[in-house]
Amino acid sequence: MLRSPRAFLLDFGGVLADAPRQPPAPPDVVRRLSDMVGREVSAEQIAADLTAGGQVYARWRDDAGRSTEPVELPHTRVWADFVTRTWPEPARAAVEAAATQLAYAWAWRPEWQVRPGIPEALRAAAEAGLPMAVVSNALCGAAHRDFLAAAGLSDLFVAEFYSDEVGLRKPNPRLAWLAADAAGVPIGDCWFVGDSVHRDVACARRAGAGAAILMRSPRTDREPSRPDLRPDVRIEDGHGLLALLRRRGSSPEDDLP
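Residues numbered from 1 in each chain as written. Predicted model: local features only at pLDDT ≥ 70, side-chain atom pairs only at ≥ 80, totals over all residues. Heavy atoms only, no water.

Draft legend 1. Quick peek at the nonpolar core. Core analysis: the biggest nonpolar cluster contains 60 residues, and Phe8, Leu10, Leu16, Leu50 and Trp79 have the highest contact counts within it. The element that contributes the greatest number of residues to this core is helix 5 (residues 99-107), accounting for six residues. Discounting residues that sit within four places of it in the chain, Leu50 has contacts with Pro24, Ala25, Val29, Val30, Leu33, Trp79, Val83 and Trp106. Ala159, Ala176, Val197 and Ala204 belong to the second largest nonpolar core, which has 26 residues in total. (Core = buried A, V, L, I, M, F, W, Y, C linked by side-chain atoms within 4.5 Å. Buried < 20%, exposed > 50% of the residue type's maximum accessible area, 1.4 Å probe, protein only. Helix = DSSP H or I, 4+ residues; strand = E, 2+ residues; numbered from the N terminus. Contact = heavy atoms within 4.5 Å.)

Draft legend 2. Representation of the side chain of Arg199 within the structure. You can see Arg199 is positioned in helix 10 (residues 197-207). On the basis of relative accessible area, Arg199 is assigned to the buried category, the value being 17%. A polar contact is formed between the side chain of Arg199 and the side chain of Asp62, at a distance of 3.2 Å. If sequence neighbours within four positions are ignored, Arg199 has contacts with Arg61, Asp62, Asn137, Arg169, Lys170, Pro171 and Arg219. (Polar contact = N/O pair within 3.5 Å; in protein donor to acceptor, adjacent residues only side chain to side chain.)

Draft legend 3. Region of the structure containing the packing of helix 6 (residues 118-127) against helix 12 (residues 238-246). Their axes nearest at 7 Å, the elements helix 6 and helix 12 cross at an angle of 25°. As judged from the angle between their axes, helix 6 and helix 12 are roughly parallel. The crossing of helix 6 and helix 12 is left-handed. In this structure, helix 6 uses Ile118, Glu120, Ala121, Ala124 and Ala125 to contact helix 12, whose residues at the interface are Gly238, Leu241, Leu242 and Leu245. Tallied by class, the residues present in the contact of helix 6 with helix 12 amount to seven nonpolar, one polar and one charged. (Axes fitted to C-alpha atoms, helices over the stretch in contact; angles between N-to-C directions. Parallel < 35°, antiparallel > 145°, perpendicular 65-115°, else oblique. Left-handed = near helix turned anticlockwise from the far one by under 90°. Nonpolar A, V, L, I, M, F, W, Y, C, P; charged D, E, K, R; others polar.)

Draft legend 4. The packing of aromatic side chains, seen in detail. For the coordinates displayed, the defined rule picks out 10 aromatic pairs. Aromatic rings pair up to connect Phe12, Tyr104, Trp108, Trp112 and Phe147 into one cluster. (Phe/Tyr/Trp six-rings, centres within 6.5 Å; stacked < 30°, edge-to-face > 60°.)

Draft legend 5. Structural context of the state of the cysteines. Overall, the coordinates contain zero disulfides when judged by the stated rule. Unpaired in this structure, Cys190 has its nearest cysteine sulfur neighbour in Cys203, at a distance of 11 Å. For Cys190, a relative accessible area of 0% gives the class buried. The exposure class assigned to Cys203 is buried, which follows from its relative accessible area of 0%. (Disulfide = S-S within 2.5 Å.)

Draft legend 6. Quick peek at the pattern of salt bridges. For the structure on display, the rule yields 19 salt bridges. Between Arg115 and Asp18 there is a salt bridge; the shortest N-O distance is 3.5 Å. On the criterion of sequence distance, the pair formed by Arg115 in the loop between strand 4 (113-114) and helix 6 and Asp18 in strand 3 (residues 17-18) is long-range, its members being 97 residues apart. For Arg115, a relative accessible area of 9% gives the class buried. In this structure, the salt-bridge partner of Arg174 is Glu69, at a minimum N-O distance of 3.7 Å. Taken together, the residues span a long stretch of sequence, with Arg174 in helix 9 (residues 173-183) and Glu69 in the loop between helix 2 (43-65) and helix 3 (75-82) at a distance of 105 residues. (Salt bridge = Lys/Arg side-chain N within 4 Å of Asp/Glu carboxyl O.)

Draft legend 7. Structural context of the sheet that holds strand 6 (residues 159-162). One open sheet holds the six strands; their spatial order is 6-5-2-7-8-9, and the pairing between them is parallel. A single partner strand is all that each edge strand has here, and the edge strands are strand 6 and strand 9 (233-235). Going from strand to strand, the sheet's axes swing by 20° on average, the running direction of each strand aside. Relative to strand 9, strand 8 (residues 211-215) runs parallel, the two sharing three bridges. What sits directly across from Leu214, in strand 9, is Arg234. On the sheet, helix 6 packs against strand 2 (7-10), strand 5 (132-136) and strand 8 and is oriented at approximately 135° with respect to strand 5. Contacts from helix 10 reach strand 7 (190-194) and strand 8, with the element oriented near 165° to strand 8. (Pairing = 2+ DSSP bridges.)

That's the geometry; what it means functionally is another story.
Okay, here's the thing in structure tokens:
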């Protein structure tokens, strides 16, 4: 039995938006870096270091997620530790000075699309008086904010929490607690909706969320099995979330079958 929610905490990629994999060295990012560092580093080397750096950064994120309270690195550290480590000092300094703008360009996906059924589910929740907050691990949350604003969804959220802005990564429960506080609802009355068992379901459990809802995405299917971590409900997309919402009782105290 699931207790009816009083607030929703939602992941970005895989829940609010489809998050296709980024090319390992996006041409626009390579061009921006090449224009910035001039002859200090060749375009070929930039592309190779972006590719390798992205892979090492991904492994670091996975390793960090296994710690008790994972934190996020500032943009300057991401570039310095994973991409520009072997570059000449003038090139490293130029990238550091523009670290956030470059992180935005690296994070942005032109292919992002709102997931099916999400606008309907979010508007139904808003009409039901349920506050909502975004809780997302992000290289650059500003890119996510801009996408949601362009999609006309930003006004439906009381707050948006991104790991690069807060300095915390899911499954750190403090990220969920911040979102619950912003919603003005105890974490035990919040439903946490994500597409990752390792990050979202784990975060929901550590934080003491009222329910962990797993929305399937390509990332969900790629994750290794975690028999010790099971969501309360599995859904396919926003239409599934809307169906759950419509089944909620007439008051927050009612249970869902």
